[in-house]
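Examination of the molecular architecture
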Amino acid sequence: MNIDELKFFADLAYRLDCYKNKVYPEIVVDRGETIPKSDTTLMVVIPTYGREDKQKVYYQFSKHLRDTVVYLATKEERYDLLKRNNPDAKIIKLPESVHGIAATRQACIEHLPKGKVWMLDDQVKLQLKDTDLRVVGQCSPDEVEQLYHLIDYLLDYYIQVGVSGRPGNDKYTVWLRENVRIYTCYGLRTDIMKENNFRFTGLYEKDPEMIFMEDFYLNLSMLTSGFPNVCIWDFVADHHHNKPGGNSLFRKEEINTKCWKELKRLFPDYIKLKKVDRTSWGKGMQGERTEGTIYWKNAFKEAVQKNPKVKTRSLF
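First, a word on scope: everything that follows refers to the structure included in this document. (Residues numbered from 1 in each chain as written. Predicted model: local features only at pLDDT ≥ 70, side-chain atom pairs only at ≥ 80, totals over all residues. Heavy atoms only, no water.)

Residues Glu-76, Glu-77, Asp-80 and Glu-96 make up a contiguous surface patch of negative charge. Position of Glu-76 among the secondary structure elements: in helix α4 (residues 76–85). For Glu-76, a relative accessible area of 44% gives the class partly exposed. (Patch = residues over 30% accessible without salt bridge, like charges linked within 9 Å, V, L, I, M, F, W, Y side chains within 5 Å. Areas by Shrake-Rupley, 256 points an atom, 1.4 Å probe, with all protein chains shown as cover. Salt bridge = Lys/Arg side-chain N within 4 Å of Asp/Glu carboxyl O. Lys, Arg positive; Asp, Glu negative; His and termini not counted. Charge placed at Lys NZ, Arg CZ, Asp CG, Glu CD. Helix = DSSP H or I, 4+ residues; strand = E, 2+ residues; numbered from the N terminus. Buried < 20%, exposed > 50% of the residue type's maximum accessible area, 1.4 Å probe, protein only.)

Structure follows, in structure tokens:
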């Protein structure tokens, strides 16, 4: 199948056929740091805690991928329960000393070979837009495999490849967007992360109470160093926060505020703090809480202006 790039960018139905055939347009990173291609196998890791019998996204993967590249990860104390509920799963057993999501994510990527890693939260539901730009149901195993190969391809060009969340997905008809918020579901080039000392645990290593904001910290560390990210918009990673288990067991407003203030101190030009009064986060986060607006594109733009690269054409 020879690709028609103009049709690919304009026609979602054509793109969906291309995904099935693993045919993609040429990628040119037009600004910022470039990375070498990697021939490593894309590994998949799903951290989980307290949801041993509620694995959702794990079972969206085909048996072939589950048998070869997909891992669950949990603390040693929960290993037996997770294995009992998911007997065929490959499970990374994390030490009891690993506390909180920042340390958990870092421990997961340190356990796996350096290269390409796709990390998903355990309650994600992977979805795909149809030709009417609607997002309904959930991806079949074959469609998840299409996303797997697409992330694998894009990680030859970008250090981080995200999948769009459901809120706001219908605002854009493009297939990719650069330098945006990425969370919950993303591929990483962990070899490039290691070379540049990009870590999930930047806040946690300063203060063990700061166990959250690891995704924001990592994103901003990369963008302010001139590494662009990219987010896939034809697929969706639908995710509902604060379900029983996981981060909800530890989330408190005091910790939330401390993390936001430290993030603001480290990246003062790109974060605006505010107070909001919402109840959507559930127990421990009722009433007024600290939130922030992050200017992702400005963080990358100013990094490039400080260290401009040779400009080439952009596909997006």
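The next thing to look at is the packing of aromatic side chains. Any two aromatic rings considered together are summarised by their centre-to-centre distance and by the angle between their planes. Scanning the entire structure with this criterion turns up 14 aromatic pairs. A ring pair is formed by Tyr-19 and Phe-235, whose centres lie 5.7 Å apart and whose planes are at 45°; its orientation type is tilted. Taken as a pair, Tyr-19 in helix α2 (residues 12–21) and Phe-235 in strand β9 (residues 230–238) lie far apart in primary sequence, 216 residues in all. The burial state of Tyr-19 is the same as that of Phe-235; both residues are buried. Arranged with centres 5.3 Å apart and planes meeting at 65°, the rings of Phe-61 and Trp-118 form a pair that is edge-to-face. Of this pair, Phe-61 sits in the loop between β1 (43–47) and α3 (63–68) while Trp-118 sits in strand β4 (residues 116–120); the two residues are 57 residues apart in sequence, bridging distant segments of the chain. Just above the ring of Tyr-79 sits the side chain of Lys-93; from NZ or CZ to the centre is 4.4 Å. (Phe/Tyr/Trp six-rings, centres within 6.5 Å; stacked < 30°, edge-to-face > 60°. Lys NZ or Arg CZ within 6 Å of the ring centre and 35° of its normal.)

Following both chains from N to C, one finds helix α8 (residues 214–223) and helix α10 (residues 296–306) inclined at 30°, their axes separated by 8 Å at the closest point. Of the possible angle classes, the one that applies to α8 and α10 is roughly parallel. The residues of α10 that touch α8, namely those facing Phe-216, Asn-219, Leu-220 and Leu-223, are Trp-296, Ala-299, Phe-300 and Ala-303. (Axes fitted to C-alpha atoms, helices over the stretch in contact; angles between N-to-C directions. Parallel < 35°, antiparallel > 145°, perpendicular 65-115°, else oblique. Contact = heavy atoms within 4.5 Å.)

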